[in-house]
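Here is how the chains run, residue by residue.
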Amino acid sequence: MTTLARPAGHDPRTRLRDTLVSRVDIARKVAAVTALDRAALDAWAAEALAATVEHACRNSPFYAAFVPADVARAAAQGRPHAFEAIPFTRREHLCAAYPLGMLAVPRREVIRFDESSGTGDGRPVAAFFTMADWLENNLTVAGLLSAVLDERDVAAIAVPYELAGVGQDLDRAIEILGCTIVPLGAASPSCTPDRMVDALQRSGATTLVCSGTRALFLGEIARRRGIDPRVDLGVSKILMAGEGASPAKKRRLADQWGAVAYSMFGMTETNTLAMFCRERELHLVETRTYFEVVDPESGARLPDGSVGELAVTTLASRAMPLLRYRTGDVCRIEAAPCACGSPLRRLQHRGRLGDRIPVGDRWTSQLEIEDIVLGAMTTGPYYFAFDVDGEVLRIALPPSSADDATRAAVTAGVRARLGASTRFGPLATERFETALRTSAKPTMRNFSAYGGGGAAGES
């Protein structure tokens, strides 16, 4: 069986010295690229894109066979429109190549092997990183996080540390800034939600890093224990990773914690793709990735300002380059300048293609349903379940939100935005919370998957 085992016989002292020298060089490279203005960044990206195509099609067995030689050659030479002739890479390609089929460097150069959680279709995909790949991303993320974090912050990180790189990446990036780290992890038997709340209080955490759904759950756990997150805990920033977040979810988090909620966006196979600024806008990390928005049906590239599927090409991933990888995320890219002054374009995330939900003759998304329901709720716990029956949206609410005013607000929102009627039932709260407690990555998928039996939570 092919493995990532390293060859024996290298001199550890020489290797350590070379590693330290190369890390300084990597830091200088990141500092230079992240300081570029828009025009210089575009010129740099064009060269990096051509180099990525050349590297992938020469050194990745997958791309050597997948991309026609004449197309690869034209794109590597930077010929106009040649890049758009490269066929799209899809998740099923990565699944079929699992575990090592996408590797484009000698095995001895790989310092990290990560896997996705398999939340898409249950099949994991692998991700590989050289030291330069990994450290460049850490340093880039640290620079972007410095917009809201500094050495005075205590960051509690409640995302998976196992296999998926998000926990390790954020841990290292935040540590680079001089912050204190509280590594809570996710769904560990030794660090239950109750213990997480205790750790937040004992450590004086100022920042909570987790999915928005987990943050809502931890806020509810604190409330039940007589701890007011707004008064008794010091969390003033919630950095959301692992799921999209509706405007209503951000408002509920602000109400519950007295904190500002910021969104991040990335995936195991690409690392960080977009990061927030001080204006709470989500900026594309264009110093590491080339972004396109394409028509989900035809694959035609769409101009900035259009809504379509996000496709990404890595610009700084030697171990596992990806060419025109279709993410399945519905997005809009905004090129107008941001008030924060960043030259990076902005991203608006609109959910995932696979999460589209038919309601009557319209399509909606879990994010839109979340925005409607959480926007109407005024009392915790802030979670619910839903199901669709033709033109009827069936919603299960916890007893605290089953009042007439909340139901009327949800009904009006569903009618106005989805043109559908609403039917309510009780949420199987205990079962739902069991799912939140035991899930390494609690997201809004839990809303439909674990609401309870029968009609959206009805027993």
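Structure: see above.
The shown structure was predicted, so the numbers you read here are calculated from the model rather than taken from an experiment.

(A) Main features of the packing of helix α11 (residues 247-257) against helix α12 (residues 366-376). Between α11 and α12, the shortest axis-to-axis distance is 7 Å and the interhelical angle comes to 35 degrees. Two secondary-structure elements touch here, α11 through Pro247, Ala248, Lys249, Arg251 and Arg252 and α12 through Glu370, Asp371, Leu374 and Gly375.

(B) Molecular detail of the side chain of Thr207. Relative to the helices and strands, Thr207 is located in strand β5 (residues 207-210). For Thr207, a relative accessible area of 0% translates into the label buried. Polar contacts involving the side chain of Thr207 include one to the side chain of Thr206, which spans 3.3 Å. Apart from residues lying up to four places away in sequence, Thr207 is in contact with Leu149, Asp153, Val154, Ala155, Ala156, Lys237 and Leu239.

(C) Local environment of the sheet that holds strand β18 (residues 385-389). Reading across from one edge, β18-β19-β20 is the order of the three strands in this open sheet, with mixed pairing throughout. Strands with a single pairing partner mark the edges of an open sheet, and in this sheet they are β18 and β20 (421-426). The mean angle between the axes of side-by-side strands here comes to 25 degrees, regardless of whether they run parallel or antiparallel.

(D) Layout of the packing of aromatic side chains. Overall, the coordinates contain nine aromatic pairs when judged by the stated rule. Cluster of aromatic residues (ring-pair linked, three or more members): Phe62, Tyr63 and Phe66. The ring of Trp134 has Arg112 lying over it, and the distance from NZ or CZ to the ring centre is 4.1 Å. Its guanidinium or amino end placed over the ring of Phe88, Arg326 lies 4.7 Å from that ring's centre, counting from NZ or CZ.

(E) Looking closely at the environment of Arg431. With respect to the helices, strands and loops of the structure, Arg431 is situated in helix α14 (residues 429-438). Judged by relative accessible area, which is 44%, Arg431 ranks as partly exposed. Along the sequence, Arg431 and Gln348 sit 83 residues apart, while their C-alpha atoms lie 33 Å from each other.

About the cut-offs
- Residues numbered from 1 in each chain as written.
- Predicted model: local features only at pLDDT ≥ 70, side-chain atom pairs only at ≥ 80, totals over all residues.
- Heavy atoms only, no water.
- Axes fitted to C-alpha atoms, helices over the stretch in contact; angles between N-to-C directions.
- Helix = DSSP H or I, 4+ residues; strand = E, 2+ residues; numbered from the N terminus.
- Contact = heavy atoms within 4.5 Å.
- Buried < 20%, exposed > 50% of the residue type's maximum accessible area, 1.4 Å probe, protein only.
- Polar contact = N/O pair within 3.5 Å; in protein donor to acceptor, adjacent residues only side chain to side chain.
- Pairing = 2+ DSSP bridges.
- Phe/Tyr/Trp six-rings, centres within 6.5 Å; stacked < 30°, edge-to-face > 60°.
- Lys NZ or Arg CZ within 6 Å of the ring centre and 35° of its normal.

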